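# Analysis of the macromolecular model
Given next are the chains, with one letter for each unit.
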Amino acid sequence: MDQRNAGGRSRAPITAQDGWHTYTGDHLALLDHLGIDRCHLYGQCIGGSFILSLLKAQPGRVAAAVLAQPIGRVGPMPPGRTPRFQAWAETLTDHPEATPAVLDAFSRNLYEPGFVYCVDRAFVSTCVTPCLVLAGNDEAHPLPISEELARLLPKCELVREWKTEPALSSARARVTEFLAKHTSRA
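Residues numbered from 1 in each chain as written. Predicted model: local features only at pLDDT ≥ 70, side-chain atom pairs only at ≥ 80, totals over all residues. Heavy atoms only, no water.

## A short note on the overall build of the protein
- Looking only at helices and strands, one finds seven helices and four strands in the protein.
- In the protein, the order of α-helices and β-strands from amino to carboxyl end is α-β-α-β-α-α-α-β-α-β-α.
- What you see for the protein is a C-alpha radius of gyration of 17 Å, in line with the 16 Å of a compact globule of 186 residues.
- Seen along its three principal axes, the alpha-carbon backbone of the protein occupies a region of about 50 × 40 × 35 Å.
- Counting over 186 residues, the protein shows a buried share of 45%.
- Entry remark: accessible area of the protein is about 9,900 Å², with carbon and sulfur atoms responsible for 57%.
- Placing the 19 positive and 19 negative side-chain charges of the protein at their respective mean positions leaves the two points 5 Å apart. (Helix = DSSP H or I, 4+ residues; strand = E, 2+ residues; numbered from the N terminus. Rg over C-alpha atoms; globule rule 2.2 N^0.38 Å. Buried < 20%, exposed > 50% of the residue type's maximum accessible area, 1.4 Å probe, protein only. Areas by Shrake-Rupley, 256 points an atom, 1.4 Å probe, with all protein chains shown as cover. Lys, Arg positive; Asp, Glu negative; His and termini not counted. Charge placed at Lys NZ, Arg CZ, Asp CG, Glu CD.)

## Topic: helix α4 (residues 100-111)
- Its twelve residues place the ends of α4 16 Å apart at the C-alpha level, agreeing with the 16 Å of an ideal helix rising 1.5 Å per residue.
- All of the buried residues along α4 are Val 102, Leu 103, Ala 105, Phe 106, Ser 107, Leu 110 and Tyr 111.
- Elements in contact with the buried residues of α4: α1 (20-34), α2 (46-57) and α3 (83-89). (Expected span 1.5 Å × (residues − 1). Contact = heavy atoms within 4.5 Å.)

## Here's the deal with the packing of aromatic side chains
- Evaluation of the coordinates by the stated rule reveals eight aromatic pairs.
- Ring centres of Tyr 111 and Tyr 117 lie 5.0 Å apart, and the angle between their planes is 90 degrees; this geometry places the pair in the edge-to-face category.
- Note on Tyr 111: relative accessible area 12%, which makes it buried. (Phe/Tyr/Trp six-rings, centres within 6.5 Å; stacked < 30°, edge-to-face > 60°.)

## Some points on the pairing of strand β1 (residues 39-44)
- Pairing analysis gives six bridges linking β1 to strand β2 (residues 62-68), with the strands arranged parallel. Note on β2: the bridge partner recorded for His 40 is Ala 64.
- You can see the chain leave β1, run along α2 and come back into β2, and the turn it takes is right-handed. (Pairing = 2+ DSSP bridges. Right-handed = clockwise from strand over helix to strand, strands pointing away.)

## Describing the sheet that holds β2
- Within the open sheet, the four strands sit side by side as β1-β2-β3-β4. Their pairing is parallel. Bordering the open sheet on either side are β1 and β4 (156-159), each of which pairs with just one other strand. Across the sheet, the mean angle separating the axes of adjacent strands is 15 degrees when strand polarity is ignored.
- The pairing of β2 with strand β3 (residues 131-134) spans four bridges and is classified as parallel. Across the sheet, Val 66 pairs through a bridge with Leu 132, a residue of β3.
- Here helix α6 (residues 143-152) sits on the sheet and contacts β2, β3 and β4; the angle it forms with β4, its principal contact strand, is near 150 degrees. (Axes fitted to C-alpha atoms, helices over the stretch in contact; angles between N-to-C directions.)

As structure tokens, this is what we get:
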């Protein structure tokens, strides 16, 4: 998907009220436009939070999900915008509405909640959609977030090593098997 205001062709105004719900609305609108009632989802990095937000909004739309190195935060939020958000904000030369105050609010809406940012632990512990988590292992994709998701999600499998061979080939096969297992044959 060409994420709004992310460097592709999709553009929309930026407001102080924008947050995960804004992107969820985009994702659901695209599924509706394409006539997709139910699907599998794969999301890497921020895609994991997009998936979790969609699972909260419309869990019946997703048969199974793969979250590859999901983002999240362990510990308190540092002051100011994250470096990645700031780098993105500096590309917004064609958005006069994206004032510093609007961008600060948008950044807080996205990242202040912590954990996986878009949903809380209580929701995750009740999410019955089968999920496969390919663990993260760096500051933006902390291993403790992947491990906590795997503990909290009732129907979750965790793959710790997957980024280099031979683990990468094994993980590819595991993702294929996982999605096949959760594909309706009706």
